[in-house]
Amino acid sequence: MTGMNQQPSAAFYTLGCKLNYSETSAIARQFSNSGYQIHQFDEAADVYVINTCSVTDNADKKCRQIVRKALRINPDAKVVVIGCYAQLKPQEISAIPGVNLVLGANEKFNILNYLDKDILEEGSRIFTCHIKETDEFVSAYSFGDRTRSFLKVQDGCNYFCSFCTIPLARGRSRSGYIDNILHATKEIARQGVKEVVLTGVNIGDFGNDQNENFLDLIKSLDQVEGINRYRISSIEPNLLSNEIIDFVAASQRFVPHFHIPLQSGADKILKAMRRRYLSDLYVERVQRIKEAMPDCCIGVDVIVGFPGEDENDFRKTYDLLHQLDVSYLHVFTYSERPNTTALRLPDPVPLDVRTERRKMLTSLSHKKRRKFYTENAGKIKEVLWEEKEHEGRIYGFTQNYVKVNAPFDAAKVNQVQQVLLGGISNDGSVACSELIPETLEKNF
């Protein structure tokens, strides 16, 4: 791949979720510790590693685009594809021109072993196992963004929702041990990172395989010095207990921000999706959170166009979300996924109807976020400033996930400051009305 005396190089590209980002970063550290130079993906490298996602129906198209991009930069590079799509469709990926190596869910964490075997010279090779054999938890956290780190605490899922391929791509639910996660968190803290985002496939299911639980985990993390904030990436409503809500409300480190999948406001559709709750429970969870933390930000996942979703079902979803005190929506258009039970359901929704419903909920999301931001105007909040600069402005997020902008100042990067929130700017973020002296009492 390179000359005998030249240090080899590798570059990485991540598609998909925060969990993928944490794993890509952990794999990149393996390369670095083995003597590789780590390059940006738009730079020439000897090896390009693409970590794929399978959640959307354009995984194949996106993967092909990234492979072509890598080979345009260095036509002689070796291309390795890992991740959920690699586990689900290894033959499909192997057929993409330029792909040298496809590694499944178990094999991706041993990528260096495959590179060392010179198998990359033998054309496109596939190494995957049956997903039932994927039962080991591999620790991971992201590093590179000085402001926050994505910390993997759980992997896999036992729920088998009728639309979802994740259990087929990542296997059964499994978790790290609390002691090991605390050790990783202390490593993150030593690197100066201020915010940790807890990630996994179904993190509320943490510890089900080892006599620990998610509440015990967050209580332990709350004691780690050096981390200013913890953010829970996403948690199922049936696993979000009153005890978890009350603990977050009382914590100085866990921020008032929950992302809770709903998927549909129609109980008929929730049952067809094989979700483990009905809409009444979701409403209860939101109300409980808002009672404990009136300024809490609540994000929602919702799917439109699931088989059998008629106009009345969609209206139930729209009306429920319109009435609920939630802050923003992540809207997904249902897409048919191989090997899911939803494929066998009758009454598919026409694509143009799915698109129209997505547009309606996306518009509702914009209104929800704007309302939430407006409600926070005039309040004093803590902002963690990020490294990104745009048109002379610096950006950051409050504890309750309001995006804030201020005149750029490099000294602010990765610093926490109290600010008085102003009005909404043209880019949709909130203007920092003024900085507040640190001696002023905090208003949360």
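Residues numbered from 1 in each chain as written. Predicted model: local features only at pLDDT ≥ 70, side-chain atom pairs only at ≥ 80, totals over all residues. Heavy atoms only, no water.

### So, the environment of Asn110
Right, so step 1: For Asn110, the position within the fold is in the loop between β5 (99-103) and α5 (111-116).
Right, so step 2: Under the relative-accessibility criterion, Asn110 is labelled partly exposed at 39%. (Helix = DSSP H or I, 4+ residues; strand = E, 2+ residues; numbered from the N terminus. Buried < 20%, exposed > 50% of the residue type's maximum accessible area, 1.4 Å probe, protein only.)

### Describing the pattern of salt bridges
Right, so step 1: For the coordinates displayed, the defined rule picks out 26 salt bridges.
Right, so step 2: The shortest N-O distance in the salt bridge between Glu92 and Lys89 comes to 3.6 Å.
Right, so step 3: Glu92 sits in the partly exposed class, given a relative accessible area of 32%.
Right, so step 4: The partly exposed category is assigned to Lys89, whose relative accessible area is 28%.
Right, so step 5: Here Glu225 makes a salt bridge to Arg253, at a shortest N to O gap of 3.3 Å. Separated by 28 residues along the polypeptide, Glu225 in the loop between α8 (214-221) and β11 (229-232) and Arg253 in the loop between α9 (242-250) and β12 (257-263) bring together distant segments of the chain.
Right, so step 6: Residue class for Glu225 comes out exposed when judged on its relative accessible area of 63%.
Right, so step 7: If you follow the salt bridges from partner to partner, you end up with Glu23, Lys108, Lys152, Asp155, Arg170 and Arg174 in one network. (Salt bridge = Lys/Arg side-chain N within 4 Å of Asp/Glu carboxyl O.)

### Structural notes on the nonpolar core
The nonpolar side chains of soluble globular proteins are, as a tendency, buried together.
Right, so step 1: Core analysis: the largest hydrophobic core is formed by 52 residues, its most contacted members being Leu151, Leu198, Phe214, Phe254, Phe258, Ile289 and Leu361.
Right, so step 2: For this core, the element with the most residues is helix α7 (residues 178-190), which contributes 6 residues.
Right, so step 3: Not counting residues within four places of it along the chain, the set of residues in contact with Leu151 comprises Ala140, Tyr141, Ile181, Ala184, Thr185, Ile188, Val196, Val197, Leu198 and Thr199.
Right, so step 4: In this structure, Ile66, Ala70, Val81 and Ile96 belong to the second largest nonpolar core, which totals 21 residues. (Core = buried A, V, L, I, M, F, W, Y, C linked by side-chain atoms within 4.5 Å. Contact = heavy atoms within 4.5 Å.)

### Considering the confidence of the model for the protein
Right, so step 1: In this model, the protein carries a mean pLDDT of 92, and residues with pLDDT of at least 70 account for 94%.
Right, so step 2: Overall, residues 439-444 carries pLDDT values under 50, and its contacts beyond four positions in sequence, including any with other chains, amount to 10 contacts. (pLDDT = per-residue confidence, 0-100.)

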